[in-house]
Amino acid sequence: MSERLRIILAPCLFAAGLVATGLFATGTVWGGQAGPAVEDRPAPTSGAASRASSAEGPSADLSVTVFERFGQFQSQLETLTGRIEQLEHELRQAREQARVRYVDMDARLNALQQNAKPGDADTGGSADVALAQPGVDDEKAAYDRATGLVRASKFDDAIKAFDAQLKDFPRGELAPLAMYWLGEMWLVASTPDEPKSARYFYRVFNEYPKSSRAGAAMYKYAVIQCQSDAPKGRVLLNKVILQHAGTLEAKQAQAALKQQCQ
């Protein structure tokens, strides 16, 4: 090679050496051989994309939370709706029971008014009242005042009057009738008290089994028992049917076994 040619090629060879060195350092394939591996790094994201990515997580969490809360509220609403329907059903039952009690009591009061002798209407011709005995007139007067308050729908005042009668004549001839009416009055008082009503009904048929009100008192007591102890209530209703066959109370007991005390 001539001296002139070497001078011309020298800069080109030097440049080619620099290029080869750079390619080898960056791991570029050279002559079929792979250079050193270059570390993979994620491409940088722009500012807007980065902000969108960071905001996506909390937004998704918030959506899930709102959905869960909505499901909870819906479940609570369904529970409350069911409870309201149950309370409405219980209210209708209570109103029907009150209506039946009122109709029954009204029928008895009408019978009381239509008879010339108050004792006959309440005793059904039995010997509950003995007007010839000393002091009975006073007891009868007290009883008449109390039943007059019942007819006037002054139930709370009637309770006080019957209580006074029993206090003055605790073992009088009209005592079982006063007890029976106290049982009735505590069912329709301004503040009804079924346990107290049941105690008076129980006293009538337990202490005065021969009273004309024994069957009615046992029936009323049985119906109250059906609400807390159905088996016991059914036993008492069957007892009414057997011991007072052919009476209105026996028919009512048969109906109660099918409807109220199952």
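Here the structure is a predicted model, which is why all the values come from computation and not from measurement.

(A) Highlighting unusual backbone geometry. In the Ramachandran plot, Ser-153 falls in the positive-phi region, its phi being about 60° despite a non-glycine side chain. The residue Ser-153 is located in the loop between α4 (136–151) and α5 (155–168) in this model.

(B) Representation of the nonpolar core in the model. Counting residues in each nonpolar core, the largest one holds 45 residues, and the members touching the most others are Phe-162 and Leu-237. Apart from the residues within four sequence positions on either side, Phe-162 is in contact with Tyr-143, Ala-146, Thr-147, Val-150, Ala-178, Trp-181 and Leu-182.

(C) Representation of the pattern of salt bridges. Tallied over the full model, the rule gives 4 salt bridges. Arg-171 is the salt-bridge partner of Glu-207, the closest N and O atoms lying 3.5 Å from each other. Taken together, the residues Glu-207 in helix α7 (residues 194–207) and Arg-171 in the loop between α5 and α6 (175–188) connect sequence positions 36 residues apart. Owing to a relative accessible area of 32%, Glu-207 belongs among the partly exposed residues under this scheme. The partner of Arg-203 in a salt bridge is Glu-207, and the shortest N-O contact between them spans 3.0 Å. Of the two residues, Arg-203 and Glu-207 are both situated in helix α7; the distance of 4 residues between them amounts to about one turn of the helix.

(D) Representation of the side chain of Gln-165. Assignment of secondary structure puts Gln-165 in helix α5. Those residues in contact with Gln-165 that lie beyond four places of it in its chain are Glu-139, Ala-142, Tyr-143, Leu-174, Ala-175 and Ala-178.

(E) Molecular detail of the confidence of the model for the protein chain. In this model, the protein chain carries an average pLDDT of 73, and 56% of its residues clear a pLDDT of 70 or more. Scored below 50 in pLDDT, residues 22–40 makes 10 contacts in the model with residues more than four places away or belonging to other chains.

(F) Structural context of helix α9 (residues 230–243). If you check α9, its first and last C-alpha atoms are 20 Å apart, about what 14 residues at 1.5 Å a residue would give, namely 20 Å. Looking at α9, one finds that the buried residues are Ala-230, Gly-233, Leu-236, Leu-237, Val-240 and Ile-241. Angularly, the buried residues of α9 cover 145° about the axis, an arc narrow enough to put them on a single face. Seen from the open side of α9, the exposed residues pointing more than 90 degrees away from its buried face are Val-235 and Leu-242. Along its buried surface, α9 packs onto α8 (214–228) and α10 (248–259).

(G) Highlighting the packing of α8 against α10. Remark: α8 packs on α10, axes separated minimally by 9 Å, with the N-to-C direction vectors making an angle of 15°. The angle between the axes of α8 and α10 places the two elements in the roughly parallel class. Of the two elements, α8 crosses α10, and the hand of that crossing is left-handed. Residue-level inspection shows Gly-215, Ala-216 and Tyr-219 of α8 in contact with α10, the latter providing Glu-249, Gln-252, Ala-253 and Ala-256. Tallied by class, residues from the contact of α8 with α10 come to 4 nonpolar, 2 polar and 1 charged.

(H) Broad picture of the state of the cysteines. Under the counting rule described, the total for this entry stands at 1 disulfide. Disulfide partner of Cys-226: Cys-261, at an S-S distance of 2.0 Å. Of note, the bridge from Cys-226 to Cys-261 carries an S-S torsion of about -95° and is left-handed in sense. In this pair, Cys-226 sits in helix α8 while Cys-261 sits in the segment after α10, placing the two residues 35 residues apart along the sequence. The exposure class of Cys-226 is buried, given its relative accessible area of 11%. In this structure Cys-261 comes out as buried when scored by relative accessible area, which is 1%.

(I) Broad picture of α10. The terminal C-alpha atoms of α10 lie 16 Å apart, and with 12 residues this matches the ideal 16 Å at 1.5 Å per residue to within 8%. Of all the positions in α10, only Glu-249, Ala-250, Gln-252, Ala-253 and Ala-256 are classed as buried. End-on view of α10: buried residues confined to an arc of 160°, all on one side of the axis. Counted as exposed and oriented over 90 degrees from the buried face of α10: Lys-251, Lys-258 and Gln-259.

(J) Representation of the packing of aromatic side chains within the structure. Tallied over the full model, the rule gives 6 aromatic pairs. On the numbers, 5.5 Å between centres and 55° between planes, the contact of Tyr-180 with Phe-201 is tilted. Of the two residues, Tyr-180 sits in helix α6 while Phe-201 sits in helix α7, which places them 21 residues apart along the sequence. The same class applies to Tyr-180 and to Phe-201, which are both buried. Measuring from ring centre to ring centre gives 5.5 Å for Tyr-202 and Tyr-221, while their planes differ by 45°; the resulting arrangement is tilted. Here the residue Tyr-202 occupies a position in helix α7, and Tyr-221 occupies one in helix α8, the gap between them amounting to 19 residues. According to the relative accessible area criterion, Tyr-221 is buried, its value standing at 10%. Ring pairing ties together the aromatic residues Tyr-180, Trp-181 and Phe-201, which thus form one cluster. Directly above the ring of Trp-186 sits Lys-196, whose terminal nitrogen or CZ lies 4.4 Å from the centroid.

Scoring rules and cut-offs
Residues numbered from 1 in each chain as written. Predicted model: local features only at pLDDT ≥ 70, side-chain atom pairs only at ≥ 80, totals over all residues. Heavy atoms only, no water. Helix = DSSP H or I, 4+ residues; strand = E, 2+ residues; numbered from the N terminus. Core = buried A, V, L, I, M, F, W, Y, C linked by side-chain atoms within 4.5 Å. Buried < 20%, exposed > 50% of the residue type's maximum accessible area, 1.4 Å probe, protein only. Contact = heavy atoms within 4.5 Å. Salt bridge = Lys/Arg side-chain N within 4 Å of Asp/Glu carboxyl O. pLDDT = per-residue confidence, 0-100. Expected span 1.5 Å × (residues − 1). Arc of directions from axis to C-beta. Axes fitted to C-alpha atoms, helices over the stretch in contact; angles between N-to-C directions. Parallel < 35°, antiparallel > 145°, perpendicular 65-115°, else oblique. Left-handed = near helix turned anticlockwise from the far one by under 90°. Nonpolar A, V, L, I, M, F, W, Y, C, P; charged D, E, K, R; others polar. Disulfide = S-S within 2.5 Å. Phe/Tyr/Trp six-rings, centres within 6.5 Å; stacked < 30°, edge-to-face > 60°. Lys NZ or Arg CZ within 6 Å of the ring centre and 35° of its normal.

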